[in-house]
Every structure is written in structure tokens, then in C-alpha cells.
Amino acid sequence: MTAVFQTAGTLLAGHGSFQSIAGRLAAWDNKPQRVLVVTSPSLAAAGWAKTLQNGLSVEGIASDCLTIHLKEPTAEQIEDLNRRVEREPFDAYVGVGGGSILDAVKLLSVRRTNFQPVEAMLGVGKVIREGLPTVLVPTTAGTGAEVTPNAIVTLPDQELKVGVVSDRLYPRLAVLDPELTLSLPQEATAATGMDAFTHALESYLGKKANPISDMYALESIRLISGSLVRSYEDGQSLSARSDMLYGSAFGGMALAAAGTAAIHAMAYPLGGRFGITHGTANAMLLPHVLEAQLDEVRGRLEAAAAAMRQGLSGAGEDGIPIQPGADWALEQMADWVKRLRIPQDLTAWGVKAADLPDLAEAASKVTRLMANNPKAFTVGELEQIYRRLMPAKNA
Ligand SMILES: NC(=O)c1ccc[n+]([C@@H]2O[C@H](COP(=O)([O-])OP(=O)(O)OC[C@H]3O[C@@H](n4cnc5c(N)ncnc54)[C@H](O)[C@@H]3O)[C@@H](O)[C@H]2O)c1
Ligand SMILES: [Fe+2]
């Protein structure tokens with residue numbers, strides 16, 4: 001198997017790196033003349049867009065800001081946004097936000113140059129032309145979207161979430177500044193942190209794992225294990241936020257090189273049909289999907305457990321065995337689910353026992369991800385996994 005690895009054109013990282021964006025853009029060969037900054041209301045209120053626009057102005061670059069409330073965008077929302085901006089003379093797009101904003105900017109960039117609706121670009125390798133250059137600044141830690149070739153859209157009438165996957169979605173510049181993640185509320189810190197961990201672990205356990213993805217996956221697992229609970233309990237800890245942001249980007253790099261698997265495939269219908277946010281759906285499923293394939297993943301999970309142990313002991317957590325096994329790794333993840341108050345009951349979103357066969361069927365059809373899973377789950381086995389997230393009286 002040939003391993004392929006691609007990432008953002010340039011990565012700026014570290015506390016304060018946000019301040020260098022304008023200077024970087026000004027130094028590009030084709031220096032942009034007019035930039036669109038896309039961000040969400042909470043980040044605009046914190047002044048990040050204004051800071052960036054002031055910096056751009058100093059460099060002689062004009063800019064506009066689009067502040068939008070966007071949660072897991074639909075294809076139609078991207079089309080609407082594109083109609084608002086496509087006639088303006090922008091020559092670069094900057095996204096400052098969580099995965100929803102970053103995915104929107106990735107799609108707007110190629111939507112502008114490809115003259116075909118987003119729905120025509122769904123799937124792998126369907127984007128024909130390069131998009132406008134993009135700068136992606138994640139404010140959750142996170143999706144790793146700043147370093148992946150993916151953008152995910154919801155199709156409400158089909159009750160599905162589907163990816164656009166193309167090398168043309170990598171940004172020209174990705175910026176990891178942990179200060180922008182300090183304001184992330186606790187619940188989103190938990191959900192997006194578990195999502196990042198899931199990217200690393202699924203890439204590491206998946207069939208397409210390779211030496212390149214393994215390196216990023218194990219380092220991501222180590223960093224996130226040592227900072228997940230800290231960033232949740234003390235959101236103002238810059239060191240915990242920094243480790244989470246690097247961990248999330250490395251998880252995205254692992255994902256870019258190897259791909260996710262059954263957990264993500266099972267999360268998509270929960271998002272598409274019941275509106276369960278991406279991170280929460282993955283976090284709910286993580287321990288159960290692993291348990292259901294423990295025989296297939298035991299060896300690799302032991303290696304992942306060693307990386308988890310390193311991270312946890314560095315963070316001063318007690319009671320960690322010297323040579324932790326796969327069972328310990330599962331217990332540890334179950335412990336995170338409790339400490340981070342990850343819900344474990346699908347009925348809270350209106351899921352009924354009668355919905356489980358359809359959910360299992362839909363997950364089994366996400367073949368791009370299911371094909372990468374260590375165990376070939378039957379539809380019946382997928383249904384059993386969903387059933388673990390139903391209180392006994394409803395299941
Ligand atoms: N492209 C990829 O590779 C990839 C990978 C995984 C997930 N995704 C997609 O990303 C989306 C989810 O992204 P997400 O989990 O980052 O959540 P999100 O972008 O939907 O953000 C969640 C909430 O947190 C708020 N928020 C974000 N950063 C904040 C900050 N620093 N301070 C205060 N509030 C903040 C947002 O405004 C939003 O209300 C989903 O659509 C998912 O499918 C994409
Ligand atoms: Fe994810």
C-alpha cells in the first residue's frame with residue numbers, strides 16, 4: 001500500500017501566532033487585495049475578527065467580515081452564503097471558528113471557482129478546479145479540519161451527513177493559536193476534545209494506518225490524554241488548551257493520512273437525522289464501538305494505551321498501571337465519558353427503539369469509513385451498538 005500525506009501549505013503554531021496572519025498574507029507571491037473573514041458571533045464579540053482586519057489594513061489589504069451563526073452547515077446554507085459573497089472581488093477567504101466555520105470556508109473557496117453546487121462535489125475527488133486560497137484558524141480542539149482534505153455537509157431531506165473529500169480543500173495557511181480556544185464553553189470542550197481523540201484512535205486502529213499516520217496518531221493520543229480533563233476542568237489553562245490544539249491538529253493529520261472508521265460512520269446518521277452534534281455523537285459511541293471489536297483491535301489498542309499512559313502520567317494523574325492493557329484503555333475512556341459528562345442516552349434526542357434498524361442501515365452505507373474499520377460489522381451488530389445507548393426500558 002502506498003501511504004500518501006498532504007497537509008496545509010504552511011502551519012503557524014503557538015500562543016500569539018494569530019497576530020502574524022496579516023504579515024504572512026502580505027508576503028504571499030500573489031498578495032491578496034481583498035480578503036473575506038468568516039467567523040461566528042461569539043468570536044467576533046471577543047474581538048478576533050477586528051484584530052485581524054486591523055492587521056490586514058496595516059498591510060494594505062482590504063477586508064470584509066461575515067459573522068454567521070453556523071452549526072454543522074447544510075449544503076443549502078453553503079449555497080446561500082456563496083450567493084452573498086461570490087460577486088465580491090475577494091481573492092482569499094479566512095475562517096476563524098470551529099469545524100462548522102472552517103468546513104464552510106473550505107467549501108465556499110471551491111464553490112466560487114467550480115461553478116457547480118456543493119451537492120455535485122460530494123464524495124471523493126469531485127472538485128475539479130483549485131479554489132480561492134484559504135486561511136483556517138480553528139477555535140475548537142477539535143475537528144482538525146484545518147489540516148484535512150474533508151468538509152462535511154448535512155443533507156436534511158435525506159437525513160444524512162456527507163463529506164466532500166478533495167486535495168483542493170487543504171488551506172494555504174493553518175494557524176494554531178490556543179488563545180482563541182480559551183473561550184470555548186465546557187460542553188463543547190468535552191465534545192470536540194473527544195472528537196479529536198477519536199480521529200487519532202480510529203486512524204491508528206484502522207486498516208489504512210501507516211507509519212506516517214501512526215506517528216501523528218500516537219502523539220495526538222498522548223497530548224489529548226494529558227490535557228482533555230484539564231482543559232475541561234480549567235478552561236483558562238493555556239497549557240492544557242495548547243496541548244489540545246496540537247493534539248487536535250495531529251489527529252487531523254493522522255485522519256488525512258489514514259481516515260476514520262465505524263465510530264464516525266455511526267455518528268453521521270445521529271447527526272443527519274436527530275441533530276446530535278458531531279463531537280457528542282462520536283464521544284457517546286467511542287467506548288461501545290471499541291468494546292464490540294476488542295478482539296480485532298486488542299494489540300493496537302495496547303500500543304495506544306501506552307501513549308495514553310504517557311500523557312496521563314505527565315499530567316499527574318494517579319493510579320496508572322506500569323504496562324496498561326487494552327482493557328485499561330477502555331476503562332479510561334469510560335472514565336472520561338463520566339468526568340466530561342458525555343450523555344449516554346439517545347432518547348434525549350427523541351431516538352426510539354424502532355429507529356435503531358434504520359440508523360444501523362444508514363451507518364452501514366457509509367462505506368468510505370466502514371471499509372477502513374478493523375472489524376466488518378454486520379447491520380445487526382451495528383444495531384446492538386446503538387442499543388447500548390438506549391436506557392433498558394426503551395431498548
Ligand atoms: N473537515 C473535517 O475534517 C472535519 C472533521 C470532523 C468534524 N467536522 C465537522 O465539523 C463540524 C463540527 O465542528 P466543531 O465540533 O468544531 O463545532 P462547531 O464549529 O459546530 O462549534 C460548536 C459551537 O461552539 C462555538 N465555538 C467555537 N469556538 C468557540 C470559541 N473559541 N469560543 C466560544 N464558542 C466557540 C460555535 O460557535 C458553536 O456554537 C461538524 O459539521 C463536523 O461534521 C469536520
Ligand atoms: Fe470527527
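What you are looking at is a predicted structure, and each value in this text was computed from that prediction instead of being measured. (Residues numbered from 1 in each chain as written. Chains lettered and ligands numbered in written order. Predicted model: local features only at pLDDT ≥ 70, side-chain atom pairs only at ≥ 80, totals over all residues. Heavy atoms only, no water.)

Let's talk about the sheet that holds strand S5 (residues 123-124)
Next up, step 1: If you trace the three strands from one edge of the open sheet to the other, you get S5-S8-S7, paired in mixed fashion. Since the sheet does not close on itself, it has two edges, and those belong to S5 and strand S7 (150-155), each with one partner.
Next up, step 2: Pairing of S5 with strand S8 (residues 160-165), which is carried by two bridges, proceeds in the parallel orientation. Bridge pairing links Val124 to Val165 in S8.
Next up, step 3: On top of the sheet, helix H5 (residues 99-114) reaches S7 and S8; it is set at about 100° to S7, its chief contact.
Next up, step 4: Against the sheet, helix H9 (residues 262-274) contacts S7 and S8, and its axis sits at roughly 120° relative to S8. (Pairing = 2+ DSSP bridges. Helix = DSSP H or I, 4+ residues; strand = E, 2+ residues; numbered from the N terminus. Contact = heavy atoms within 4.5 Å. Axes fitted to C-alpha atoms, helices over the stretch in contact; angles between N-to-C directions.)

Some details on the coordination of the iron ion (ligand 2)
Next up, step 1: Protein-derived ligands of the iron ion (ligand 2) are Asp195 (OD), His199 (NE2), His264 (NE2) and His278 (NE2), with the metal-ligand distances lying across 2.1 to 2.2 Å.
Next up, step 2: Every donor counted, the four donor atoms about the iron ion (ligand 2) form angles of 87 to 165° at the centre, which fits irregular coordination.
Next up, step 3: For the iron ion (ligand 2), all donor residues lie on one chain, and their spacing in sequence is D-x3-H-x64-H-x13-H. Remark: His264 occurs in helix H9 and His199 occurs in helix H6 (residues 186-205); sequence separation between them is 65 residues. When sorted by exposure, His199 lands in the same class as His264, which is buried. (Donors = N, O, S within 2.8 Å, 3.2 Å for Na, K, Ca; no water. Tetrahedral: all angles 85-135°; square planar, octahedral: opposite > 155°, others 65-115°. Buried < 20%, exposed > 50% of the residue type's maximum accessible area, 1.4 Å probe, protein only.)

Quick word on the site of ligand 1
Next up, step 1: Neighbouring ligand 1 are 26 residues; Gly99, Ser100, Thr139, Thr140 and Thr148 lie closest to it.
Next up, step 2: Interatomic distance of 2.7 Å between a backbone N/O atom of Gly99 and an oxygen atom of ligand 1.
Next up, step 3: Asp103 places a side-chain nitrogen or oxygen 2.8 Å from a nitrogen atom of ligand 1.
Next up, step 4: Protein burial of ligand 1: of its 870 Å² of free accessible surface, 91% is covered by the chains.
Next up, step 5: Elements that contribute at least two residues to the shell around ligand 1 include exactly helix H2 (41-45), H5, S7 and H6.
Next up, step 6: Of the residues forming the shell around ligand 1, the biggest block, four residues, is contributed by H5.
Next up, step 7: Looking at the shell around ligand 1, its residues break down into six nonpolar, 14 polar and six charged.
Next up, step 8: In this structure, the shell around ligand 1 is formed jointly by two domains, domain 1 (10-180) and domain 2 (187-276 + 284-387), each of which donates at least three residues. (Near = heavy atom within 4 Å. Polar contact = N/O pair within 3.5 Å; in protein donor to acceptor, adjacent residues only side chain to side chain. Areas by Shrake-Rupley, 256 points an atom, 1.4 Å probe, with all protein chains shown as cover. Nonpolar A, V, L, I, M, F, W, Y, C, P; charged D, E, K, R; others polar. Domains from an automatic or database assignment.)

Description of the pattern of salt bridges
Next up, step 1: Evaluation of the coordinates by the stated rule reveals 20 salt bridges.
Next up, step 2: Across the salt bridge formed by Arg83 and Asp80, the nearest N and O atoms sit 2.5 Å from each other. Placement of the pair is Arg83 and Asp80 together in helix H4 (residues 75-85), with a separation of three residues, close to one helical turn.
Next up, step 3: According to the relative accessible area criterion, Asp80 is partly exposed, its value standing at 37%.
Next up, step 4: Across the salt bridge formed by Lys375 and Glu381, the nearest N and O atoms sit 3.7 Å from each other. (Salt bridge = Lys/Arg side-chain N within 4 Å of Asp/Glu carboxyl O.)

Details of the packing of helix H7 (residues 211-233) against helix H8 (residues 238-258)
Next up, step 1: One way to put it is that H7 packs onto H8 with a least axis distance of 7 Å and a crossing angle of 150°. Classed by the angle they form, the pair H7 and H8 counts as roughly antiparallel. Crossing angle aside, the handedness with which H7 passes H8 is left-handed.
Next up, step 2: Its residues placed into classes, the contact of H7 with H8 shows 13 nonpolar, eight polar and four charged. (Parallel < 35°, antiparallel > 145°, perpendicular 65-115°, else oblique. Left-handed = near helix turned anticlockwise from the far one by under 90°.)

Structural notes on the UniProt feature "domain: Fe-containing alcohol dehydrogenase-like C-terminal" (unreviewed entry) in the protein
Next up, step 1: Mapped onto this numbering, the UniProt entry annotates "domain: Fe-containing alcohol dehydrogenase-like C-terminal" (unreviewed entry) at residues 189-389.
Next up, step 2: The span residues 189-389 carries 72% helix and 0% strand; its end-to-end C-alpha distance comes to 22 Å. (UniProt positions renumbered as here; feature names shortened; annotations may be inferred.)

As for the sheet that holds strand S3 (residues 62-67)
Next up, step 1: The six strands are arranged S1-S9-S6-S4-S2-S3 in an open sheet whose pairing can be described as parallel. What marks the edges here is a single partner per strand, and that holds for strand S1 (10-13) and S3. Neighbour-to-neighbour, the strand axes of the sheet open up by a mean angle of 15°, direction not taken into account.
Next up, step 2: The pairing of S1 with strand S9 (residues 173-176) spans four bridges and is parallel.

Comments concerning the domain arrangement of the protein
Next up, step 1: Here the domain parsing of the protein yields domain 1 (10-180) and domain 2 (187-276 + 284-387).
Next up, step 2: Between domain 1 and domain 2, the C-alpha centre-to-centre distance is 26 Å.
Next up, step 3: Counting from both sides, the interface comprises 28 residues of domain 1 and, opposite them, 22 residues of domain 2.
Next up, step 4: Approximately 2000 Å² of surface area, both sides summed, lies buried where domain 1 meets domain 2, with 68% of it carried by carbon and sulfur atoms.
Next up, step 5: In this structure, the connection of domain 1 to domain 2 is made through one salt bridge.
Next up, step 6: For the salt bridge of Arg273 with Glu159, the shortest nitrogen-to-oxygen distance reads 3.5 Å.
Next up, step 7: Counting only elements with at least two residues in the side of domain 1 that touches domain 2, the list comes to S1, S7 and S8.
Next up, step 8: Here the side of domain 1 that touches domain 2 takes four residues from S8, the largest share from any one element.
Next up, step 9: A per-class count over the side of domain 1 that touches domain 2 returns 13 nonpolar, ten polar and five charged. (Buried area = accessible area lost by both parts, 1.4 Å probe.)

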